[in-house]
Amino acid sequence: MTMHEGGCACGDVRYSTTTEVLRAVVCHCRYCQTRTGSAFGISVYFDKADVNVHTGELSTYTYKTESGGSGTTRFCKNCGTTLFWNITHDMFKEWTGVAGGSFDPPTFWYDMQVEVFCRSSAPWVNTTIEEKHETSRIYNPSITEAEHLSLE
Ligand SMILES: [Zn+2]
Ligand SMILES: [Zn+2]
């Protein structure tokens, strides 16, 4: 069994993952940019049952995705670090996304497989990831995003 541990900035929330990564994604969408305050989000997906929270309290935030589903993020009640998310889309519904930067050192132990929503990437981000998509293969916009999230 491959176990990896991680947690939030203040240390209240500690978690472990107990299996191999299902998929690891760098995401340049506006939602990841605003959520992190940074240039992109890092989603490391595991089977839901294989992400275990040991200590700390989490708050949640649920939002509608542009493709008509919803996403729920979980973040430390004390320091606000977003650690996990779940998306209702079929492909992801049994998966939990873990914030890639929150694993204990050596933090970036997983292989990065794909880069999505490159259409809104910062002009100075230039990764070595080979598979890149302008949006993503599940992208199917059905709602109009709020102005701060929109590219229109
Ligand atoms: Zn915290
Ligand atoms: Zn994103």
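Residues numbered from 1 in each chain as written. Chains lettered and ligands numbered in written order. Predicted model: local features only at pLDDT ≥ 70, side-chain atom pairs only at ≥ 80, totals over all residues. Heavy atoms only, no water.

## Let's talk about the pattern of salt bridges
Side chains carrying opposite charge are able to pair once their charged atoms draw close together. Keep this limit in mind: For this document, the term salt bridge refers to a Lys or Arg side-chain nitrogen within 4 Å of an Asp or Glu carboxyl oxygen. Type-normalised accessible area, obtained with a 1.4 Å probe on protein chains alone, sets the label of each residue: buried when under 20%, exposed when over 50%, and partly exposed for intermediate values.
Following the criterion strictly, the structure yields five salt bridges and no others. Linking arginine 14 and glutamate 5 is a salt bridge whose minimum nitrogen-to-oxygen distance equals 3.6 Å. Among the residues examined, arginine 14 registers a relative accessible area of 27% and is labelled partly exposed. Judged by its relative accessible area of 40%, glutamate 5 is partly exposed. One salt bridge in this structure joins aspartate 90 and lysine 93, with 3.4 Å as the shortest N-O distance. When salt bridges with common partners are traced through the structure, they connect Glu5, Arg14 and Asp104 into a single cluster.

## Some points on the coordination of the zinc ion (ligand 2)
Angles at a metal have ideal values that depend on geometry: 109.5 degrees with four tetrahedral donors, 90 or 180 degrees with six octahedral donors. Keep this limit in mind: Note: metal donors comprise N, O and S atoms at 2.8 Å or less from the metal (3.2 Å for Na, K and Ca); water molecules are not included, so apparent gaps in a site are possible.
Taken together, the protein donors to the zinc ion (ligand 2) comprise Cys27 (SG), Cys29 (SG) and Cys32 (SG), at separations of 2.1 to 2.3 Å. Summarised as a motif, the one-chain spacing of the donors to the zinc ion (ligand 2) is C-x1-C-x2-C.

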